[in-house]
Amino acid sequence: MADTARPDFWTRLQAIDRRWIYLVVWVVVMVPLIFPFKIRPVATPPVQNLFNYIDTMPENKALIISIDYTPDTQAELQPMLIALLRHTFTIHRKVGILAGAYVQSLGIGEDALRQVTAEFNSHARTNADSVLNGRDYVYWGWTTPIITVMLGMGQRIAKVFPVDYYGEKTESLPIMKHLKNYDDAGILVSVAGSSIPLYWINLAQTQFGIHLGCGTTAVSAADWYPYVNSGQFNGMLAGMKGAAEYEELLEQRMVKNGKDWGLRRKGSEAMSSQAAAHLAIIAFIIIGNIGYFISRRRKQ
Amino acid sequence: MQRRLPLLLVLVTGIFAALPFFIPHHSLQAVDETVRNDVLRIIAAFSLVLGVGSILQHHFTKIQRKTSNWQYSWITVVTLFVSAVIGLFGGIDPSHPGILPTHIGHFSFHIQTLYMNIMVPLAATMFSLLAFFMASAAYRAFRARNLSATVLLAAAFILMLGSVPLGRMIFHPLPSFAEWILTVPNMAAKRGINFGIQLGILATSLKILLGIERGWLGGG
């Protein structure tokens with residue numbers, strides 16, 4: 001008679017249908033999104049350094065943001081872009097934005113600018129309080145190849161981008177009188193889901209000495225620590241957690257500057273969901289390993 | 001000649017591309033600027049034509065031969081043309097209109113609407129599937145089978161716990177310890193790997209420039 005003994009609990013648990021795992025992940029991600037629990041992020045040194053650097057930039061220096069990510073990593077990186085724009089407008093610095101590496105980033109920049117300018121303009125009482133295209137910010141758009149952009153911007157930005165994203169001649173924009181090349185920029189922050197920040201180091205920083213910062217996905221953050229440590233990046237926002245930490249610092253700054261508007265902080269909102277997902281994966285690893293050791297001992 | 005000309009072109013352009021980084025003479029810098037701003041852009045424009053031509057050829061061949069899932073090729077071709085026409089002639093949105101009308105009544109189909117309602121959800125959905133696969137892989141494959149795997153497991157454990165509030169509640173210095181793992185052992189390993197990669201790139205580049213490595217010419 002054939003052996004029809006049912007496998008024990010641990011063996012069955014190891015061979016569990018992966019759809020159960022998917023279901024658990026779905027639940028632990030969705031429930032905290034709907035019923036979030038409060039997490040107060042504490043800024044890590046790379047985030048604090050980037051925030052401090054931008055916050056204390058001289059008045060005549062602008063921030064340049066290179067959007068080097070596409071919609072697939074938008075959920076993780078868009079809160080960084082939003083926070084950087086809010087910060088710049090809060091401290092009344094000028095900002096130039098470009099879709100650095102990918103043409104797909106164009107819509108991301110447009111979406112972020114619409115949101116943040118609407119937030120600031122809805123609270124503006126005077127023209128000086130408003131955030132205006134061409135005066136307070138410029139959206140250069142995208143051009144190719146990337147080597148032309150990174151090296152060319154060090155000489156004359158208007159030559160690399162003769163017209164902005166909306167088709168206006170860049171030379172005719174008032175902001176461009178104060179933003180001719182990297183010398184007029186306090187720092188360039190590359191928000192990236194790939195290895196593009198490395199190109200900014202190799203081409204823009206090595207040639208022109210511009211200060212750099214980066215915002216990156218959590219999964220690639222480990223790659224950038226050598227550059228943070230060497231000082232090539234003034235600071236770094238690593239993943240959703242980095243965005244949440246920056247949002248926390250920014251909120252304190254906005255309150256201090258009389259801009260206590262209670263704006264949505266999507267990075268911080270998603271932290272509870274991310275924390276729950278991390279805990280679920282830790283639990284999976286523990287259960288998987290317990291099952292593995294028990295099964296191995298029984299076989300021996 | 002068929003092989004010598006491309007090799008010569010690579011040698012000359014490769015050396016010329018590197019020289020401006022070492023020689024700051026204004027005449028060389030001026031030529032370099034022209035090459036970067038004009039010549040490279042023209043080449044990039046040609047590559048766009050090549051790319052669109054290639055994708056169209058691939059999908060029309062699939063449609064013609066009715067290979068598996070050939071119907072989806074129509075979707076690619078139609079999407080390519082529709083988004084290109086709207087992007088080129090439809091403006092960005094109602095506040096920046098183009099020459100092509102991109103709304104019917106209140107229904108708008110300008111490029112930003114298409115982008116936010118089609119491109120963004122599709123790309124985000126594809127990427128978010130990773131979380132499910134990672135969780136499943138962590139459950140099935142992340143085992144402390146030997147010393148190396150155990151060290152990896154312990155490091156991952158500390159990093160994951162260190163990045164959630166529970167980690168700080170369990171052991172207050174845990175987030176700092178997680179940060180230390182990233183900034184010291186991880187960084188040391190990454191630096192070593194980076195040095196290796198960069199030396200490899202340098203060696204391979206020199207081999208290509210000098211015509212020792214000819215794999216890029218094709219023909220096996």
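Scoring rules and cut-offs
- Residues numbered from 1 in each chain as written.
- Chains lettered and ligands numbered in written order.
- Predicted model: local features only at pLDDT ≥ 70, side-chain atom pairs only at ≥ 80, totals over all residues.
- Helix = DSSP H or I, 4+ residues; strand = E, 2+ residues; numbered from the N terminus.
- Contact = placed C-beta atoms within 7 Å.
- Core = buried A, V, L, I, M, F, W, Y, C linked by C-beta atoms within 7 Å.
- Buried ≥ 20, exposed ≤ 12 C-beta atoms within 10 Å, placed from the backbone.
- Domains from an automatic or database assignment.
- Axes fitted to C-alpha atoms, helices over the stretch in contact; angles between N-to-C directions.
- Parallel < 35°, antiparallel > 145°, perpendicular 65-115°, else oblique.
- Left-handed = near helix turned anticlockwise from the far one by under 90°.
- Nonpolar A, V, L, I, M, F, W, Y, C, P; charged D, E, K, R; others polar.
- Right-handed = clockwise from strand over helix to strand, strands pointing away.
- Expected span 1.5 Å × (residues − 1).
- Pairing = 2+ DSSP bridges.

Colleague: Teacher, can you tell me more about the overall build of chain A here?
Modeller: Each helix and strand counted, chain A has 12 helices and six strands in total. Taken along the three principal axes of its C-alpha coordinates, chain A extends 90 × 40 × 35 Å. A sequence separation of at least 24 residues applies to 74% of the contacts in chain A between residues at least 6 apart.

Colleague: Could you clarify how one ought to interpret the nonpolar core in this entry?
Modeller: Within soluble globular proteins, side chains that are nonpolar tend to cluster in buried spots. Residue and element names in this part refer to chain A. In this structure, Ile65, Met80, Leu81, Ile97, Leu188 and Val191 are the most contacted members of the largest nonpolar core, which totals 98 residues. For this core, the leading source of residues is helix H4 (residues 74-90), giving eight residues. Here this core spans two domains, since at least three of its residues come from each of domain 1 (9-35 + 276-299) and domain 2 (45-266). Beyond its immediate stretch of four places on either side in the chain, methionine 80 contacts Val191, Gly215, Leu237, Ala243 and Tyr246.

Colleague: Just checking my understanding: could you explain the environment of B:Gly53 for this structure?
Modeller: Summarising the element assignment, B:Gly53 is placed in helix H2 (residues 26-65). A sequence separation of 156 residues divides B:Gly53 from B:Leu209, and the C-alpha atoms of the two residues are 29 Å apart.

Colleague: I'm lost on the domain arrangement of chain A in this one. Help?
Modeller: By a frequent convention, interface size equals the accessible area lost on bringing the separate parts together. For chain A, the assigned domains are domain 1 (9-35 + 276-299) and domain 2 (45-266). Centre-to-centre, using C-alpha coordinates, domain 1 of chain A lies 40 Å away from domain 2 of chain A.

Colleague: I tried to follow the packing of H4(A) against helix H5 (residues 106-123) of chain A on my own but got confused; where do I start?
Modeller: Residue and element names in this part refer to chain A. Where H4 meets H5, the axes come as close as 10 Å, and the angle between the chain directions of the two elements is 40°. When the interaxial angle is binned, H4 and H5 end up oblique. Viewed along their axes, H4 and H5 form a crossing whose handedness is right-handed. In this structure, H4 contributes Gln74, Gln78, Leu81, Ile82, Leu85, Arg86 and Phe89 to the contact, and H5 contributes Ile108, Ala112, Gln115, Val116 and Phe120. Here the contact of H4 with H5 is composed, by residue class, of eight nonpolar, three polar and one charged.

Colleague: Where do I start with the pairing of strand E3 (residues 137-141) of chain A in this structure?
Modeller: In the case of a regular strand, side chains alternate between the two sheet surfaces. For E3(A), the buried fraction is high: five of the five residues fall into the buried class. Once you follow strand E2 (residues 95-98) of chain A into H5(A) and on to E3(A), the crossover reads as right-handed.

Colleague: What's the story with the environment of B:Val10 in this structure? I'm lost.
Modeller: Residues and elements named next belong to chain B. Among the secondary structure elements, valine 10 is positioned in helix H1 (residues 4-22). Look at valine 10 and you get partly exposed, because 17 C-beta atoms sit within 10 Å. Sequence spacing of valine 10 and leucine 209 is 199 residues, and the spatial spacing of their C-alpha atoms is 6.0 Å. The contact partners of valine 10, leaving out residues within four places of it in the chain, are Ile208 and Leu209.

Colleague: Before we go on, may I ask you to explain the interface of chain A and chain B in this structure?
Modeller: Facing 43 residues of chain A, the contacting portion of chain B comprises 42 residues. Those elements giving two or more residues to the side of chain A that touches chain B turn out to be helix H2 (18-34), H4, H5, helix H6 (146-152), helix H9 (221-229) and helix H12 (271-299) of chain A. Of the residues forming the side of chain A that touches chain B, the biggest block, 12 residues, is contributed by H12(A). Each residue belonging to the side of chain A that touches chain B can be placed in one class, and the counts come to 22 nonpolar, 14 polar and seven charged.

Colleague: Help me understand helix H8 (residues 196-208) of chain A in this model?
Modeller: Owing to its 3.6 residues per turn, the α-helix brings residues three or four apart onto one side. Residues and elements named next belong to chain A. With 13 residues, H8 extends 17 Å between its outermost C-alpha atoms, agreeing within 8% with the 18 Å of an ideal straight helix rising 1.5 Å per residue. All buried positions along H8 are accounted for by Ile196, Pro197, Tyr199, Trp200, Ala204 and Gln205. Against the buried residues of H8 lie strand E1 (62-68), H6, strand E4 (185-192), strand E5 (212-216) and H9.

Colleague: Explain the pairing of E4(A) to me, please; I cannot follow it from the model alone.
Modeller: Residue and element names in this part refer to chain A. Taking burial as the measure, the eight residues of E4 include eight buried ones, the bulk of the element. Sheet topology places E1 next to E4; seven bridges connect them, and they run parallel. Looking at the pairing, alanine 62 lines up with alanine 185 of E4. Bridge count for E4 against E5 is five bridges, and the pairing is parallel. Pairing of alanine 192 across the sheet is with threonine 216, part of E5. As a crossover connection, the stretch from E4 through H8 into E5 is right-handed.

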